[in-house]
2 protein chains.
Amino acid sequence: MSHNYKLISGGVTAPKGFLAAGVHCGIKKQKLDLAIIFSTAPAVGAGVFTTNKVKAAPLMLTMENLKQGAARAIIVNAGNANACTGDRGFSDAEEMVSLTAKFLGISHQEVIVSSTGVIGVPLPMDNVRQGIETAAAELKDDGGANAAKAIMTTDTFSKEITTSFQLAGKEITMGAMAKGSGMIHPNMATMLGFITTDANIEQEALQIAIKEATAQSFNMITVDGDTSTNDMVAIIANGEADNEKITLKSEYFGKFQQALNFLTVELAKLIAKDGEGATKLLEVQVKNARTIKDGRLAALAVAKSSLVKTAIFGEDANWGRILCAVGYSGAEFDPSKVDIAIGDEMMAIDGAGLAFDEERAKKILENKHVVIFIDLKDGDADATAWGC
Amino acid sequence: MSHNYKLISGGVTAPKGFLAAGVHCGIKKQKLDLAIIFSTAPAVGAGVFTTNKVKAAPLMLTMENLKQGAARAIIVNAGNANACTGDRGFSDAEEMVSLTAKFLGISHQEVIVSSTGVIGVPLPMDNVRQGIETAAAELKDDGGANAAKAIMTTDTFSKEITTSFQLAGKEITMGAMAKGSGMIHPNMATMLGFITTDANIEQEALQIAIKEATAQSFNMITVDGDTSTNDMVAIIANGEADNEKITLKSEYFGKFQQALNFLTVELAKLIAKDGEGATKLLEVQVKNARTIKDGRLAALAVAKSSLVKTAIFGEDANWGRILCAVGYSGAEFDPSKVDIAIGDEMMAIDGAGLAFDEERAKKILENKHVVIFIDLKDGDADATAWGC
């Protein structure tokens, strides 16, 4: 499926009409810590936000701004989450938005604002103010890489994915950057994803597409099992590819969705792979679940299970732990129908173990990329989750 | 609350009319690995079982046996969970039950059977058969301690709690043993609790009491976050204390429930404390939740949060992580009303941070027993969870 898309370079500045910058403003000691992404043309925006009941100030402001559907800029800082910061947090987020709007000559409502880093500490606004001014002045059409670096916290590498594809005779480009690391880390567990595209698409369709893409990508990796106060995925589409406008009813919507799914899954896999000590990517494919919800619950529980991870890491093919995790996942299924395979080695059929080749299974578990297949034989919904 | 109960010794053989034994039959290399608890008089039994959809064979058989309400014996082995063992697992569990019934001269339905240990491997039945015969022959009125040792897996110490109290002019004794360890461990995460009492109580009341006691004790500790295929709490009451029979409507039911709550909470705290590297007991008290369900969800999420644990362990008073965990717990609450204290140091009021004394907070976190108080100010339900 993913092989239909070519990977190109450029990140969020690869699509036509996008500029970006990543600067150091002093929230962090030395590293880049503030980024702006900007569309030179009017654009629509959409986003998906943490389900945590405690939402950081920048998220609440962005959710409000996006209600009117237009978005031309993303301002984001790393090193401080501006979460649990009370009234001061809201006025700081508002100032980030209004300064960005001022320097870029756009309206307040067209700005998406995001922060990531420590919780409960007010933003150092003098640094942030200066950072916004500098970043706005440094916007470039090849600034994607620096922007991607400027949103890193515990990440050990910056994450960009870029692809282009033909749609109704026009070339559409999508670029993306993300932050988040797959291993538990004390200070910050927030996951951010920012996507730009030159596709011409109506805002309503863009919102539905980003929600579905997030559900099958970022929501299917297991970063500490929690949702943070700052998790956000946002997309801006500026129509510069000049394609016939994609609507929910148009024949091209499915193709756009597929491309966005590909892009977000590749980003999610980069996040799952990142983190201190992560030596393997674990992929859990659940087949034939009763519903997509059951499939996703089952796949996530297995990818998240510390007992399963310990088995995989210890190269011990313990399929019982896999079945146990499906059992507590909350998914509806019949334990006596479940088949389990690790790689191409069948371990269990109809819920009972097979005499399998332990040496072969051990070889499969030595791979950097381990795939667990779980066939629930209970419906026709499939889901995939990733862990490390 | 807990101070009303005196702690005595004896475990499951402390109540009148109970015998027990713990023996080594060879499932494990050297350690005790099989236990029997036996009531010399007819008794009623009740139990609570894992919510995992995948239930080990001994659980399914015990659930069936307990339907008729009488129970006089518990047979349990450690070292092998008899889970995910297919048809063979069921016939092995049935044989454990029938052998126990035969050697004790009781009916098949009066036997509770339980196993804990590795998943997916058939029981070594020759050892188990010999073990049941030996244990039945070695039953003693001071056998509780050996029985408690024989159900350990990753536990670093055996767990017994015994108490007695006056009820309607009679002395009631309750004894209990449990296994489970608070830290993540690769091989086995099962939690077992077995309780004996000489109280005279009707089976229906006993079932309701054990369910409620489990909800506020074993279900409020965080053993790896998962429910295993073998989790079980069972209680046998033989009426040898000769008290007026406790029914759901009798004035003594509340007192019985309180005593059982005390006993199970103390056991749960022992489990939370156990495990390699566990240096602290974390207690999370949620006050004034909208419903008891909201309170329990919030308390558990905080006790389970790896970010909160890392802060406590690192003696870093980060209340933002606590609020964040309440936020994703699934509990209904209003973030702008939450007060948070660690020990007696207030950290946040109405969802916003206070300037607190960091040195004092650090001192509190140095304690072996750290208590987090969360006042949701949203109702009148309280709940407590424990972690390590």
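### With respect to the pattern of salt bridges
Residues and elements named next belong to chain A. In the structure shown here, the tally under the stated rule is 32 salt bridges over all chains. Arg296 serves as the salt-bridge partner of Glu212, at 3.4 Å between the closest nitrogen and oxygen. Within this pair, whereas Glu212 is found in helix H5 (residues 203-215), its partner Arg296 is found in helix H7 (residues 292-304), the two being separated by 84 residues in sequence. On the basis of relative accessible area, Glu212 is assigned to the partly exposed category, the value being 33%. Among the salt bridges present, the one from Lys337 reaches Asp378, with a minimum N-O distance of 3.0 Å. Linking Lys337 in the loop between helix H9 (319-328) and strand E12 (339-342) with Asp378 in the loop between strand E15 (369-375) and strand E16 (381-387), this pair joins segments that are 41 residues apart in sequence. Here Lys337 falls in the partly exposed class, since its relative accessible area comes to 30%. Of the residues examined, Asp378 reaches a relative accessible area of 16% and is grouped as buried. When salt bridges with common partners are traced through the structure, they connect Glu95, Asp126 and Arg129 into a single cluster.

### Focus on H7 of chain A
All names here are of chain A. The terminal C-alpha atoms of H7, which comprises 13 residues, lie 18 Å apart, in line with the 18 Å expected from a rise of 1.5 Å per residue. Where H7 is concerned, the buried positions are Asp294, Gly295, Ala298, Ala299, Leu300, Ala301, Val302 and Ala303. Tucked into the core, H7 has its buried residues touching strand E11 (281-289), helix H8 (306-313), H9, E15 and E16.

### A closer look at a negative patch on the surface
Where like charges cluster on the molecular surface, the negative patch consists of Asp316, Asp357, Glu358, Glu359 and Glu366 of chain A. With respect to the helices and strands, Glu366 of chain A occurs in the loop between helix H10 (358-365) and E15.

Analysis parameters
- Residues numbered from 1 in each chain as written.
- Chains lettered and ligands numbered in written order.
- Predicted model: local features only at pLDDT ≥ 70, side-chain atom pairs only at ≥ 80, totals over all residues.
- Heavy atoms only, no water.
- Salt bridge = Lys/Arg side-chain N within 4 Å of Asp/Glu carboxyl O.
- Helix = DSSP H or I, 4+ residues; strand = E, 2+ residues; numbered from the N terminus.
- Buried < 20%, exposed > 50% of the residue type's maximum accessible area, 1.4 Å probe, protein only.
- Expected span 1.5 Å × (residues − 1).
- Contact = heavy atoms within 4.5 Å.
- Patch = residues over 30% accessible without salt bridge, like charges linked within 9 Å, V, L, I, M, F, W, Y side chains within 5 Å.
- Areas by Shrake-Rupley, 256 points an atom, 1.4 Å probe, with all protein chains shown as cover.
- Lys, Arg positive; Asp, Glu negative; His and termini not counted.
- Charge placed at Lys NZ, Arg CZ, Asp CG, Glu CD.

These figures come from the coordinates and say nothing about function on their own.
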